[in-house]
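Each chain, letter by letter, is given below.
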Amino acid sequence: NTMSSDFYKVDIRSKSRSSIDNEALITMQAGKISLDGRYLVYKKDNSEYLWILDTEENDAKELLLSTDLNNVDWDYLNRLIFVTAQSSAANTSSEYAGDMLVSSTISEDSFLFGYYIAEDNAYYNILTYSGISSAPSDLVITKNGKIIYFATEEQYFQIILDKI
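Residues numbered from 1 in each chain as written. Predicted model: local features only at pLDDT ≥ 70, side-chain atom pairs only at ≥ 80, totals over all residues. Heavy atoms only, no water.

(A) Focus on the pattern of salt bridges. All chains considered together, the criterion is met by four salt bridges. In this structure, the salt-bridge partner of Arg-38 is Asp-54, at a minimum N-O distance of 2.7 Å. Of this pair, Arg-38 sits in the loop between strand 3 (28-33) and strand 4 (39-44) while Asp-54 sits in strand 5 (residues 50-54), and the two are 16 residues apart along the sequence. Across the pair, exposure class does not vary: Arg-38 and Asp-54 are buried alike. Of the charged contacts, one joins Glu-56 and Arg-38 as a salt bridge, the two residues approaching to 3.6 Å between their closest N and O atoms. Here Glu-56, found in the loop between strand 5 and strand 6 (59-62), pairs with Arg-38, found in the loop between strand 3 and strand 4; they are 18 residues apart in sequence, far enough to count as distant. (Salt bridge = Lys/Arg side-chain N within 4 Å of Asp/Glu carboxyl O. Helix = DSSP H or I, 4+ residues; strand = E, 2+ residues; numbered from the N terminus. Buried < 20%, exposed > 50% of the residue type's maximum accessible area, 1.4 Å probe, protein only.)

This is the structure we're talking about:
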């Protein structure tokens with residue numbers, strides 16, 4: 001018994017669509033598409049980690065990130081900006097490039113902000129932030145990549161990237 005789902009990439013300019021046939025999409029709950037339409041980051045029913053689909057290569061892979069979709073956003077450079085709790089598990093089942101460091105010390109109030117570059121399978125730190133009393137949510141980055149906004153249960157925050 002196989003599940004089937006139809007997924008399409010739609011090009012509005014040419015008024016065409018192409019089928020995306022990838023088994024990794026079958027249990028997809030929700031996703032966010034990159035601004036250029038090449039990448040889809042998504043959450044699956046059967047994985048605690050986020051996944052990414054390269055729609056040009058039809059290649060899907062599990063990411064290192066254990067976070068919700070409302071804690072990731074795409075910027076104009078196709079970087080996937082994210083925030084995750086340092087106490088969250090990191091998927092260490094695969095090799096990756098970059099300088100992302102997940103603390104070995106479990107800290108309930110320390111959060112890692114970073115970005116992922118899909119072309120290089122590379123993760124980079126922006127900053128680690130502590131001292132907020134609840135987990136960040138609703139992360140949004142301005143499309144020019146200069147300011148990250150996020151909320152907690154009590155407050156709203158902004159991180160101005162030019163000042164880091």
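(B) Local environment of the pairing of strand 14 (residues 156-160). Alternating positions in strand 14 separate cleanly, Phe-157 and Ile-159 being buried on one face and Tyr-156, Gln-158 and Ile-160 remaining unburied on the opposite face. Pairing geometry for strand 13 (residues 147-151) and strand 14, over five bridges, is antiparallel. Its bridge partner being in strand 14, Phe-150 is matched across the sheet by Phe-157. Hairpin connection of strand 13 to strand 14: four residues between the antiparallel strands. (Pairing = 2+ DSSP bridges.)

(C) Representation of the environment of Ser-47 within the structure. Looking at the secondary structure, you find Ser-47 in the loop between strand 4 and strand 5. Distance from Ser-47 to Met-28, taken between C-alpha atoms, is 9.7 Å for residues 19 residues apart in sequence. A polar contact of 3.2 Å, which involves the side chain of Ser-47, links it to the side chain of Trp-51. Within the local environment of Ser-47, its side chain forms a polar contact with the side chain of Glu-62, the two groups lying 2.8 Å apart. (Polar contact = N/O pair within 3.5 Å; in protein donor to acceptor, adjacent residues only side chain to side chain.)

(D) Main features of the environment of Tyr-39. One can find Tyr-39 in strand 4. Given the relative accessible area of 3%, Tyr-39 is considered buried. Sequence-wise, Tyr-39 and Asp-59 are 20 residues apart; in three dimensions their C-alpha atoms are separated by 9.8 Å. Residue contacts for Tyr-39: discarding those within four places in its chain leaves Lys-32, Ile-33, Ser-34, Ile-52, Leu-53, Asp-54, Trp-74, Asn-78, Ala-118 and Glu-119. Of the polar contacts made by the side chain of Tyr-39, one reaches the side chain of Arg-38; its length is 3.3 Å. (Contact = heavy atoms within 4.5 Å.)

(E) Structural context of the pairing of strand 5. Among the five residues that make up strand 5, five are buried, leaving the element largely enclosed by the rest of the structure. Of the two faces of strand 5, the one holding Leu-50, Ile-52 and Asp-54 and the one holding Trp-51 and Leu-53 are both buried throughout. Looking at chain direction, strand 4 and strand 5 are connected through five bridges and run antiparallel. When the bridges of strand 5 are listed, Lys-43 appears paired with Leu-50. Two successive antiparallel strands, strand 4 and strand 5, enclose a turn made up of five residues. In the sheet, strand 5 pairs with strand 6 via four bridges, with the strands oriented antiparallel. Opposite Ile-52, over in strand 6, you have Lys-61 as the bridge partner. Connecting strand 5 to the antiparallel partner strand 6 that follows it, the hairpin turn spans four residues, and Asn-58 within it adopts a positive phi of roughly 55°.

(F) The arrangement of the nonpolar core in detail. Within the largest apolar cluster, 17 residues are counted, with the highest numbers of intra-cluster contacts made by Ile-81, Phe-113, Ile-126, Ile-148 and Ile-159. When residues of this core are traced back to their parent elements, those giving at least two are strand 8 (79-85), strand 10 (110-117), strand 11 (122-130), strand 12 (137-141), strand 13 and strand 14. Sequence-distant contacts of Ile-81, that is, excluding residues within four places in its chain, are made with Asn-71, Val-72, Asp-73, Asp-75, Gly-114, Tyr-115, Ile-126, Leu-139, Ile-141 and Ile-148. Ranked by size, the runner-up nonpolar core spans 16 residues in total, among them Tyr-39, Leu-50, Leu-80 and Tyr-123. (Core = buried A, V, L, I, M, F, W, Y, C linked by side-chain atoms within 4.5 Å.)

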